[in-house]
Amino acid sequence: MADLSKLAEPGSPEELLVRRIDFGRLPRHVAIIMDGNGRWAKSRGLPRVEGHRAGVASVRETVETAARLGLEVLTLYAFSVENWKRPRFEVWTLMNLLKEYVRREREALAENDIRFNVLGRWEELDPSVVRELRATVEATRHCRGLSFNIALNYSGRCEIVDACRRIVADWAAGKRADIDEETIGRYLYTSGQADPDLLVRTSGELRVSNFLLWQIAYAEIWVTGTLWPDFRRRDLFEAILDFQQRERRYGGIQQPDPAEDVFASGRLPG
Ligand code: IPE
Ligand code: IPE
Ligand code: MG
C-alpha cells in the first residue's frame, strides 16, 4: 500500500485526488507519449530546446510518483526513430539532456529500487549516450520496485521487425518456438512485462505515433491538453482516476442477461 503522505502534501489539491484512487485497482503498466515540449517553449517565446529542458522536471516527478504509487511498469516515449528528421541541434540537445539525466539520476534510481530499462534500437545512438544508458541499466539491474522503461530510437514497427528477426535467428540456431502471441510478446523489447493498461498522451494529439503498437492492443487511452513540461503528479492522478472509471470489456459484454441467451435457456430461435 502506498504511503499517502509521500504522494501529496496534507491538505493539498493533490491529496484530494490521491484519496480517491483505488489502490487495489491500479494500472499495472502506464505508458506515456510525452508531447508538446516545442509548443510549450514557443508559447513563451523560447527556442524549442528550452521545452525539452523544462520537460526533464516532468520526467523526474512522474518517475518518482509512479514508484510511490506502487506501479509495476512506467514507460516514457522520449525519442522515436522518426524524430531523427528534426534539426540537428534539437537532436543533439535531446541527447545531451538524456545523458545528463541518466548520469545524474543513476544513484537515486538504484536507491529507490527502480529498475531502468531502455526500449528501442538504442545501441545505435552515439557511443557516449550508449555508455551512460548502459551504466544506469547495470546500476539498477538488481532493483525489484518500479520498472522504468525509456523508449529511445524507438518505433513500434521496428520492434516487431526486430522480434521477427530474432525469432528467425533462434530458429536457425535450432531454438524453435511456436509462432503465437506468447512467443512474439517474449521477443519484444518489453519481454516479461505486463502490457500497458493505460496509455497517456499529452498536448492533445489524438494519435499513437508508432508507440508500443503490439502492446497497446487493449490499453485504455487518456489524452490531456496539458503540454509535457506542465505535466505534474496531479495529472497522473487524474489519468489513473479516469482509468478506474472505465469498463474494460476486451470484446465481451459486462453482464450478460441469461434471459436473452436462447442457447443457454434451451429456447432455440425459430
Ligand atoms: C515531445 O515534444 C518531445 C519529443 C518528441 C522528443 P515535441 O518536441 O514533439 O513538442 P511539439 O509536439 O513540437 O510541441
Ligand atoms: C511522439 O511525439 C514521439 C515522442 C514523444 C518521443 P512526436 O511529436 O514525434 O509525434 P508526432 O510527430 O506529433 O506524431
Ligand atoms: Mg510533438
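Presented here is a report on the structure given in the accompanying data block. Please read all numbers here as calculations on a predicted model, not as lab measurements.

What about the pairing of strand β6 (residues 220-223)?
Regular strands place their side chains on alternate faces of the sheet.
Okay, step 1: Only one face of β6 is covered, namely the face carrying Glu 220 and Trp 222; the face carrying Ile 221 and Val 223 is uncovered.
Okay, step 2: The pairing of strand β5 (residues 198-201) with β6 spans four bridges and is classified as parallel. Paired with Leu 199 across the strands is Ile 221, a residue of β6.

Quick word on the layout of surface pockets
Okay, step 1: By volume, the largest pocket is sized at about 730 Å³.
Okay, step 2: As for the largest pocket, its lining consists of 30 residues, and the residues nearest its centre are Met 34, Asn 37, Tyr 77, Ala 78 and Asn 83.
Okay, step 3: Counting only elements with at least two residues in the lining of the largest pocket, the list comes to α3 (37-42), α4 (48-69), β2 (73-80), α5 (88-111) and β4 (147-154).
Okay, step 4: Its residues assigned to classes, the lining of the largest pocket comprises 15 nonpolar, eight polar and seven charged.
Okay, step 5: The wall of the second largest pocket is formed by 13 residues, among which Val 118, Gly 120, Trp 122, Arg 166 and Tyr 189 lie closest to the centre.
Okay, step 6: At the level of elements, β3 (115-119) and α7 (156-172) are the ones that each hand at least two residues to the lining of the second largest pocket.
Okay, step 7: Take the lining of the second largest pocket: its biggest share by element is three residues, from β3.
Okay, step 8: Partitioning the lining of the second largest pocket into residue classes produces five nonpolar, four polar and four charged.

Concerning the sheet that holds β2
Okay, step 1: Strand order in this open sheet of six strands is β3-β4-β2-β1-β5-β6, and the pairing throughout is parallel. Of all the strands in the sheet, just β3 and β6 have a single pairing partner and so form its edges. Here the average twist between neighbouring strands, direction ignored, is 20 degrees.
Okay, step 2: In the sheet, β2 pairs with β4 via seven bridges, with the strands oriented parallel. Looking at the pairing, Ser 80 lines up with Tyr 154 of β4.
Okay, step 3: Relative to the sheet, α4 contacts β1 (29-33), β2 and β4, its axis offset from that of β2 by approximately 160 degrees.

Examining the site of ligand 1
Okay, step 1: Inspection of the region around ligand 1 gives 13 residues, with Asp 35, Gly 38, Arg 39, Arg 48 and Arg 86 positioned closest.
Okay, step 2: Backbone polar atom of Gly 36 to an oxygen atom of ligand 1: 3.3 Å apart, as the coordinates give it.
Okay, step 3: Take Arg 39: an N or O atom from its side chain is 2.7 Å from an oxygen atom of ligand 1.
Okay, step 4: For ligand 1, whose accessible area on its own is 380 Å², the fraction buried by protein is 86%.
Okay, step 5: Counting atoms within 2 Å of the grid points, the majority share of ligand 1 lands in the largest pocket.
Okay, step 6: Within the residue set of the shell around ligand 1, elements represented by two or more residues are α3, α4 and α5.
Okay, step 7: Broken down by element, the shell around ligand 1 gets its largest block of residues, three residues, from α3.

What counts and what doesn't
- Residues numbered from 1 in each chain as written.
- Chains lettered and ligands numbered in written order.
- Predicted model: local features only at pLDDT ≥ 70, side-chain atom pairs only at ≥ 80, totals over all residues.
- Heavy atoms only, no water.
- Buried < 20%, exposed > 50% of the residue type's maximum accessible area, 1.4 Å probe, protein only.
- Helix = DSSP H or I, 4+ residues; strand = E, 2+ residues; numbered from the N terminus.
- Pairing = 2+ DSSP bridges.
- 1 Å grid on protein atoms, 1.4 Å probe; cavity = no way out; pocket = protein on both sides within 12 Å on 5 of 7 lines; lining within 4 Å.
- Points joined across faces, edges and corners; volume = space filled by probe spheres on them.
- Nonpolar A, V, L, I, M, F, W, Y, C, P; charged D, E, K, R; others polar.
- Axes fitted to C-alpha atoms, helices over the stretch in contact; angles between N-to-C directions.
- Contact = heavy atoms within 4.5 Å.
- Near = heavy atom within 4 Å.
- Polar contact = N/O pair within 3.5 Å; in protein donor to acceptor, adjacent residues only side chain to side chain.
- Areas by Shrake-Rupley, 256 points an atom, 1.4 Å probe, with all protein chains shown as cover.
- Sits in = over half its atoms within 2 Å of the grid points.

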